[in-house]
Amino acid sequence: DRILERNLNIIRHNKALLEQFMAEYEEFFHWVPPTAGAICAIRFKGTMTSSELGDALATAGIGMKPAYCFSDKESIEKELDYFRVGFGEAKMPKALDAFRQFVEDHKEEWRKNMELK
């Protein structure tokens, strides 16, 4: 019971952090908040695919799983191009901070590209 309670507390805490992040950056990302489990799907609203975003994040030392990891790469449409984020681990807040910094570093460029699209 203690292990389950500990893990549920981590998930609840991390989900709240993720909800705050998604509200802060809703101009760039879309999601449907999960109702169960500790994994969610997020779509980048900008001009990059989840694969391109994943490559950019990797250069900053941030790992993520783009849509093609979960389906046929050629059949992914922009509306279905989600990446997965797990929030069930104690290290998630640190990863989210790194992601937040990445967004801050790129948001002006993304805004310009989204305006041109």
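For the structure, see preceding data.
This structure is a prediction, so every number in the text was calculated from the model and none was measured. (Residues numbered from 1 in each chain as written. Predicted model: local features only at pLDDT ≥ 70, side-chain atom pairs only at ≥ 80, totals over all residues. Heavy atoms only, no water.)

## Observations concerning the overall build of the protein chain
Put simply, the rule reads: By the criteria applied, helices consist of DSSP H or I runs no shorter than four residues and strands consist of E runs no shorter than two, each listed in order from the N terminus. When accessible area is computed with a 1.4 Å probe and restricted to protein chains, residues below 20% of their type maximum are described as buried, those above 50% as exposed, and intermediate ones as partly exposed. Should any heavy atoms of two residues lie within 4.5 Å, those residues are counted as being in contact. For the accessible areas, the method is Shrake-Rupley and the probe is 1.4 Å, while residue cover comes only from the protein chains on display.
Tallying secondary structure elements over the protein chain gives 3 helices and 3 strands in all. Along the protein chain, from the amino end to the carboxyl end, the secondary structure elements read α-β-β-α-β-α. When each of the 117 residues of the protein chain is scored for burial, the buried share is 34%. For the protein chain, the proportion of contacts with a sequence separation of at least 24, taken over those separated by at least 6, is 64%. Surface exposure of the protein chain reaches about 7600 Å², of which carbon and sulfur atoms provide 53%.

## A look at the sheet that holds strand 3 (residues 82–86)
Basically, it comes down to this: Paired strands are those between which DSSP finds at least two bridges. Axis definition: a line fit to C-alpha positions, over the contact stretch in the case of helices; interaxial angles, taken between N-to-C directions, run 0 to 180 degrees.
Taken together, the 3 strands give an open sheet; going across it, the order is 1-2-3, and neighbouring strands pair in antiparallel fashion. Taken across any chain shown, the strands that pair with only one partner, and hence form the sheet edges, are strand 1 (29–31) and strand 3. Going across the sheet, the axis of each strand differs from the next one's by a mean of 40 degrees, ignoring polarity. Both strand 1 and strand 2 (residues 39–44) contribute to a ladder of 3 bridges, which runs antiparallel.

## Description of helix 1 (residues 2–24)
The condition that has to hold: By definition here, a helix of n residues has an expected span of 1.5 Å times n minus one.
For helix 1, built from 23 residues, the straight-helix expectation of 33 Å at 1.5 Å per residue is met to within 8% by its first-to-last C-alpha distance of 33 Å. Those residues of helix 1 that are buried lie in contact with strand 1, strand 2, strand 3 and helix 3 (92–116).

## A look at the nonpolar core
One recurring pattern in soluble globular proteins is that nonpolar side chains are buried together. Rules: Here, nonpolar core means buried Ala, Val, Leu, Ile, Met, Phe, Trp, Tyr and Cys residues that are tied together by side-chain atoms lying within 4.5 Å of each other.
Counting residues in hydrophobic clusters, the biggest one holds 26 residues, and the most contacted among them are Phe29, Leu53, Phe83 and Trp110. Secondary structure elements with two or more residues in this core: helix 1, strand 1, strand 2, helix 2 (50–59), strand 3 and helix 3. Sorting elements by how many residues they give to this core places helix 3 first, with 6 residues. Excluding residues that lie within four positions of it along the chain, Phe29 makes contacts with Phe21, Met22, Ile42, Arg43, Phe44, Lys45, Leu53, Phe83, Phe99, Val103 and Trp110.

## Points about the packing of helix 2 against helix 3
Condition: Should an angle fall under 35 degrees it is taken as roughly parallel, and over 145 as roughly antiparallel, whereas 65 to 115 is taken as roughly perpendicular and any remaining angle as oblique. Definitions for this section: a left-handed crossing has its near helix turned counterclockwise from the far helix by less than a right angle. A right-handed crossing has that turn clockwise. Nonpolar residues are Ala, Val, Leu, Ile, Met, Phe, Trp, Tyr, Cys and Pro. Charged residues are Asp, Glu, Lys and Arg, and all others, Gly as well, are polar.
Contact geometry of helix 2 with helix 3 gives a least axis separation of 11 Å together with a crossing angle of 120 degrees. What the angle tells us is that helix 2 and helix 3 run oblique. The two elements helix 2 and helix 3 cross, and the hand of that crossing is right-handed. On helix 3, the residues that touch Leu53, Ala56 and Leu57 of helix 2 are Phe99, Phe102 and Trp110. In terms of residue class, the contact of helix 2 with helix 3 is built from 6 nonpolar, no polar and no charged.

This is a description of form; function is not addressed.
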